[in-house]
Amino acid sequence: MDEQIERYLASIAGPKQGDMRKLHAAILEMNPGCRLWFLDGTDESGKVVSNPNIGFGTLRKKYADGKIREFYQVGISANTAGLSVYIMGIHDKHYLNQKYAHAIGNAHVTGYCIKFKALKDIDLDVLMVAIQDGIEQTRV
């Protein structure tokens, strides 16, 4: 897993790589020993369906059919527009926007995603509080 993550980080061009490495290290520092995930962005058939991303922690989601699926609590991804931080499992889809959008800086905040061009455009401390808040709400 660590090798896949390192290869992914090394493949990111320019300053975006440094921002991703900084986010990765900060999330690990906040949550030492958390489960790491790497999704390469392909589905079971090998078709590209998303950008690759790194996940942290474990979220257990129960579906209507009763099945429980594990996924990550927080994910980070580089994309053409910048960086995305996914905070999964928060039930109130307005929570992140209402609580953090006003203070985070130049970012777009949705029900589960915080998107921004570069770390210099946002308040990293506010982002880290939002991430930890999401982890605490979904801790297993």
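Residues numbered from 1 in each chain as written. Predicted model: local features only at pLDDT ≥ 70, side-chain atom pairs only at ≥ 80, totals over all residues. Heavy atoms only, no water.

Enquirer: A description of the sheet that holds strand β7 (residues 108-109) should follow, citing residues and the corresponding values.
Expert: Pairing within the open sheet is antiparallel, and its 6 strands lie in the order β1-β2-β5-β6-β8-β7. The sheet is open, and its two edges are formed by β1 (36-39) and β7, each paired on a single side. The pairing of strand β6 (residues 82-87) with strand β8 (residues 113-116) spans 4 bridges and is classified as antiparallel. When the sheet's bridge partners are listed, Tyr86 is paired in β8 with Cys113. (Pairing = 2+ DSSP bridges. Helix = DSSP H or I, 4+ residues; strand = E, 2+ residues; numbered from the N terminus.)

Enquirer: Outline helix α3 (residues 95-104), listing residues and values.
Expert: For α3, the full list of buried residues reads Tyr95, Leu96, Tyr100 and Ile104. Angular distribution of buried residues about the axis of α3 spans 60°; they occupy a single face of the element. Turned more than 90 degrees away from the buried face of α3, the exposed residues are Gln98 and His102. Where α3 is buried, its residues meet β6, β7, β8 and α4 (124-138). (Buried < 20%, exposed > 50% of the residue type's maximum accessible area, 1.4 Å probe, protein only. Arc of directions from axis to C-beta. Contact = heavy atoms within 4.5 Å.)

Enquirer: Please set out the side chain of Asp19 residue by residue, giving values where relevant.
Expert: Positionally, Asp19 belongs in helix α2 (residues 15-30). The side chain of Asp19 is buried and forms no salt bridge, while Lys22, the nearest opposite charge, is found at 6.7 Å. The contact partners of Asp19, leaving out residues within four places of it in the chain, are Leu83, Ala118 and Leu119. (Lys, Arg positive; Asp, Glu negative; His and termini not counted. Salt bridge = Lys/Arg side-chain N within 4 Å of Asp/Glu carboxyl O.)

Enquirer: Which residues make up helix α1 (residues 2-11), and what are the values?
Expert: Within α1, the full set of buried residues consists of Ile5, Tyr8 and Leu9. Taken down its axis, α1 places every buried residue within 95° of arc, on the same side. Exposed side chains of α1 directed beyond 90 degrees from the buried face belong to Glu3, Arg7 and Ser11. Those residues of α1 that are buried are in contact with α2, β1, β2 (53-56) and β5 (74-79).

Enquirer: How would you sum up the pairing of β5? Please name residues and give values.
Expert: Counting buried positions along β5 gives 6 out of 6 residues, so the element sits mostly inside the fold. Burial of the side chains of β5 extends over both faces: Val74, Ile76 and Ala78 are buried on one face and Gly75, Ser77 and Asn79 on the other. The pairing of β2 with β5 spans 3 bridges and is classified as antiparallel. Paired with Gly55 across the two strands is Gly75, which belongs to β5.

Enquirer: An account of the packing of α2 against α4 is needed here, citing residue identities and associated values.
Expert: Between α2 and α4, the least distance of the axes is 11 Å, while the angle of their chain directions is 50°. By the criterion of interaxial angle, the relationship of α2 to α4 is oblique. Judged by the twist between their axes, the crossing of α2 over α4 is right-handed. Each of Lys22, Leu23, Ala26, Ile27 and Met30 in α2 lies in contact with α4, whose residues at this interface are Leu124, Leu127, Met128, Ile131 and Gln132. By residue class, the composition of the contact of α2 with α4 is 8 nonpolar, 1 polar and 1 charged. (Axes fitted to C-alpha atoms, helices over the stretch in contact; angles between N-to-C directions. Parallel < 35°, antiparallel > 145°, perpendicular 65-115°, else oblique. Left-handed = near helix turned anticlockwise from the far one by under 90°. Nonpolar A, V, L, I, M, F, W, Y, C, P; charged D, E, K, R; others polar.)

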